[in-house]
Amino acid sequence: MNNILVLPMLIPLLTGFVLFFLRPSIRAQKIVSILSLLSLVAVSTNILFRIREDGIIRLDFGGWQPPFGILFVGDSFSALMVLTASVVSTLIITYAFTATERRMENMFFYPFAFFLVAGVNGSFLTGDMFNLFVCFEVMLLASYVLITLGGGKVRLAESMKYVAINVVASWFFLVALAFLYGTVGTLNMAHVSVRVAEAGQGPLLSAIAIVFLVVFALKAGLFLYFWLPGSYSSPPGPIAALMAALLTKVGVYAMFRTFTLMFYHDDFILGTIIGTMAVLTIIGGCLGAVAYTDIRQIASYNVIIAVGFMILGLAVFNEQAFKGSVFYLIHDMVIKGILFLIVGAMVYLTGKTKITEMSGLIRNYPALGWLLFLTTLGLAGIPPLSGFIGKMYVGLGAVEGGDYFLLFVGFASSLVVLYSMLRIFMNCFWGETIINREDQRLLPTRRLIPIALLGVLVVAIGVGAQALEPFVSDAARVMANPELYIDAVLGEVES
Amino acid sequence: MKENDVILRTVTRVVVFIILTFGVELFLSGHHNPGGGFVGGLVLSSALVLLYVVFDIETVHQGVPFDFRKIAAFGAMVSLLSGTGAAVLGKPFLTQGFGYFDLPIFGLTELATVTIFEAGVALTVIGTVVTIILSISKDV
């Protein structure tokens, strides 16, 4: 019995409902939130170690055996994602305690943040395509609320775009699911994989695979990222951080699941289409990151570059590269969380958004400045920090697979990332101080602590990569050998 | 509303109860036949919406003084907890049970835990539909 698997989704959902009734007391809301987040982290850690001991575990809802019932499957990949997502959302929500306006706290900010986390964790754990769609929707509906909450002209305009694009993408998702069910007669991921392998990935199944690719590309911001910079730069810090840290990563995760478990037979889709999309994403993201002067836009384009980089690992398609991508996914959730929190804090503190309008902040807010510097190094992949190990493994994988062009693009993007981030750092933190010490807005310590903890994580993931390595290799091994996943899900049923 | 809608009001007073009964019937029949919490909830909420359309919001609120957002949250929570019960007893999450009981008036009756789940669904639907209608009506 593995009921523990449902807890990463159940805890945030229940917390969300309880917070609904605690609306009058913000204080009670915060206490319940903290307790629930801490238990979420504890449960996720427990799942990760459980998988280490018992191998892939699954939970059949209501006791309905696969392929008939809906199930949650926990392998190292999903457990690592759930753990990272839980830790990062804990820190971001803790930051939100100190940074959210009363008005928004009254408008059910926290319940929807929890629903978002529930949807994200559910998407990571589910072993059923339709359930993946449902979890995506839970997550997206919560994000619609969070992005529009509080209003304002720019935000409403951007959120209209965001909602429209996601509704269209969800419709495509549904169409793809219908086609898939019509073709292979099942939506259980492992079962789909078996049937696709039996039937061979012919033109029809490849077309379905491409529809899925488009859907997840829209959600993850792979090549179809035009909606992303606007919608990620309009909401306030904590919300933007939650979205940047979690939402696109779910899309990337779904893409890895779909193309390593189910549709891994067609080299043209994997190598050529996905590879080209990844390269174009990186190039487009780099152009944006260099071109804009709005710090929120620069941060958003950095999200896009990272998505492209992770998908490079999928395009290379070998175990080393998967390992790199998993490391990079973990790193990226943490680093995007801290980046958007810092950027949000800078906008809040100065009231300005352009790098040309800020300068000399290091004198006013030294801690924030150094944390941004740490983030810059982490994003660029400087060795002791978290970005390095992922980049290294993707690079090793690319060399092994002989994809030197992808290797070049991926590593050249690091330089652009470094440049774009240093531009923020040098323009905003160096130079003449624009704010008098007397006039400066206070940055309370309790607001700095969550950011600093994320900074600690950036270092810890880099330095402690050795400790993470067994889990990550296990995740990559399952991706490279889909039969392990299939056996764990369908094994008992067939025998 | 100042229109002369005596007919509408009179009919509504009767029809609302027919709709409510039909909603409950749909909800209960859903266990073995077409119906269930979602449809039942929709029908039940249509009765409430009809009341809101015919009488004004304040009048209905005097009779039905609930915060429908809370009803929606409560319903979803009931559904969720009905699944958790199984987990506490060591069965997979969302496992449902049923049994036959000899009840005083109803005779031999089948009681199933899935009804609790469905009741949660119905409450969520009612809460959501009424909340949507009320928020739209406020903007006009």
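Only a predicted model underlies this, so the values are computations on that prediction, with no experimental measurement involved. (Residues numbered from 1 in each chain as written. Chains lettered and ligands numbered in written order. Predicted model: local features only at pLDDT ≥ 70, side-chain atom pairs only at ≥ 80, totals over all residues.)

Looking at the overall build of chain A
To keep things clear, this is the line we draw: Secondary structure elements follow DSSP: runs of H or I no shorter than four residues count as helices, runs of E no shorter than two count as strands, and numbering proceeds from the N terminus. With C-alpha atoms as the basis for the radius of gyration, the globule rule is written as 2.2 Å multiplied by the number of residues raised to the power 0.38. The exposure scheme places C-beta atoms from the backbone and then counts, for each residue, the other C-beta atoms within 10 Å of its own, assigning buried at 20 or more, exposed at 12 or fewer, and partly exposed in between. In this description, a residue-residue contact is defined by the distance between C-beta atoms placed from the backbone, which must lie within 7 Å.
The helix and strand tally for chain A stands at 21 helices and two strands. In terms of overall size, chain A behaves like a compact globule, its C-alpha atoms giving a radius of gyration of 21 Å where 495 residues would be expected to give roughly 23 Å. Taken over 495 residues, chain A has a buried fraction of 58%. Contacts in chain A between residues far apart in sequence, at least 24 positions, make up 81% of those at least 6 positions apart.

Let's talk about the interface of chain A and chain B
Each side of the interface is counted separately: chain A has 14 residues, and chain B has 14 residues. When residues of the side of chain A that touches chain B are traced back to their parent elements, those giving at least two are helix 1 (7–21) and strand 1 (57–60) of chain A. The dominant element in the side of chain A that touches chain B, judged by the number of residues it contributes, is helix 1 of chain A, at six residues.

Thoughts on the UniProt feature "domain: NADH:quinone oxidoreductase/Mrp antiporter transmembrane" (unreviewed entry) in chain A
The criterion, for reference: UniProt positions are given in the numbering used here, feature names are shortened, and annotations may be inferred rather than shown by experiment.
When the UniProt feature table is mapped onto this chain, "domain: NADH:quinone oxidoreductase/Mrp antiporter transmembrane" (unreviewed entry) is found at residues 127–414 of chain A. In residues 127–414 of chain A, helix accounts for 83% and strand for 0%; the two terminal C-alpha atoms are 34 Å from one another.

Notes on the pairing of strand 2 (residues 71–74) of chain A
Residues and elements named next belong to chain A. Just so we agree on the cut-off: Strand pairing requires that DSSP identify at least two bridges connecting the strands.
Neither face of strand 2 is left uncovered, since the one carrying Leu71 and Val73 and the one carrying Phe72 and Gly74 both have all their residues buried. The sheet contact formed by strand 1 and strand 2 spans four bridges and is antiparallel. Paired with Arg58 across the bridge in strand 2 is Val73.

Details of unusual backbone geometry
Residue and element names in this part refer to chain A. The residue after Pro66, namely Pro67, is reached through a cis peptide bond having omega 5 degrees. Mapped onto the elements of the fold, Pro67 is located in the loop between strand 1 and strand 2. A positive phi angle, near 65 degrees, is found at Phe223, a position not held by glycine. Among the structural elements, Phe223 can be located in the loop between helix 9 (203–220) and helix 10 (228–233).

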